[in-house]
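One-letter residues, chain by chain:
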Amino acid sequence: MKRTVELRVNGQDYELEIEPNRLLLHALRDDIGLTGTKEGCSIGVCGACSVLVNGRLVSSCLTLAIACQGKEITTIEGLAKGDELHPLQQAFIEYGGFQCGICTPGQIIAAKALLDENPNPSDDEIKEWMAGNLCRCTGYYKILESIKAVAQGKIKAGASRRRDLRQAKIQSLYTSEGLHDRK
């Protein structure tokens, strides 16, 4: 029997009629249309489905949507402000943390949770925190460098660089088609 649930996602309210066992991941992607959050392993191991619920990092593939009633949910789509990328999004582009794009939204959300809790983490703290987010491209050093760049203040919030976004999308297309050598 469906129930009405009110979700606040990226500052916007949504009222959904969903089954009580509907996962937050599916509510976000299929019911609301926010497809930035990815489904990877579906058992809470890979981190691709990471979102923030009241600022806490959760695996949306393990979280019931109905349990998020009245809570603030932040997805990758909620980080940029208009044309301004979040510093982590910009850093992932500039430092090569953005690779094939499958894990990137979860990596960035996890990194945001880390920097919200610990704005100046050590390398070991970053590695430990990010251990729950897997990258099938295995480019962990670029992800680490991206997070460190933000923590060290090398990347600031500001106007997006459309050329960089276009380049990142092109890079993503190449890598998702197995054309890694064409970068």
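Residues numbered from 1 in each chain as written. Predicted model: local features only at pLDDT ≥ 70, side-chain atom pairs only at ≥ 80, totals over all residues. Heavy atoms only, no water.

A. Representation of the pairing of strand S1 (residues 3-9) in the model. Where S1 and strand S2 (residues 12-18) come together, 7 bridges link them in antiparallel fashion. Bridged to Val-5 within S2 is Leu-16. Counting the residues that bridge the hairpin from S1 to S2 gives 2 residues, and of these Asn-10 lies at a positive phi of roughly 55°. Pairing geometry for S1 and strand S5 (residues 72-74), over 2 bridges, is parallel. Residue Arg-8 lies in a different strand from S5, and its bridge partner there is Glu-72. (Pairing = 2+ DSSP bridges. Helix = DSSP H or I, 4+ residues; strand = E, 2+ residues; numbered from the N terminus.)

B. Quick look at the confidence of the model for the chain. In this model, the chain carries an average pLDDT of 89, and 86% of its residues clear a pLDDT of 70 or more. In the predicted structure, residues 173-183 sits below a pLDDT of 50 and forms 9 contacts with residues beyond four places in sequence or in another chain. (pLDDT = per-residue confidence, 0-100. Contact = heavy atoms within 4.5 Å.)

C. Local environment of the packing of helix H3 (residues 104-117) against helix H4 (residues 123-130). Viewed as axis vectors pointing N to C, H3 and H4 meet at an angle of 130°, and their least axial separation amounts to 10 Å. Considering the angle they form, H3 stands oblique to H4. The two elements H3 and H4 cross, and the hand of that crossing is right-handed. Judged by residue contacts, Gln-107, Ala-110, Ala-111, Ala-113, Leu-114 and Glu-117 of H3 engage Ile-126, Trp-129 and Met-130 from H4. Looking at the contact of H3 with H4, its residues break down into 7 nonpolar, 1 polar and 1 charged. (Axes fitted to C-alpha atoms, helices over the stretch in contact; angles between N-to-C directions. Parallel < 35°, antiparallel > 145°, perpendicular 65-115°, else oblique. Left-handed = near helix turned anticlockwise from the far one by under 90°. Nonpolar A, V, L, I, M, F, W, Y, C, P; charged D, E, K, R; others polar.)

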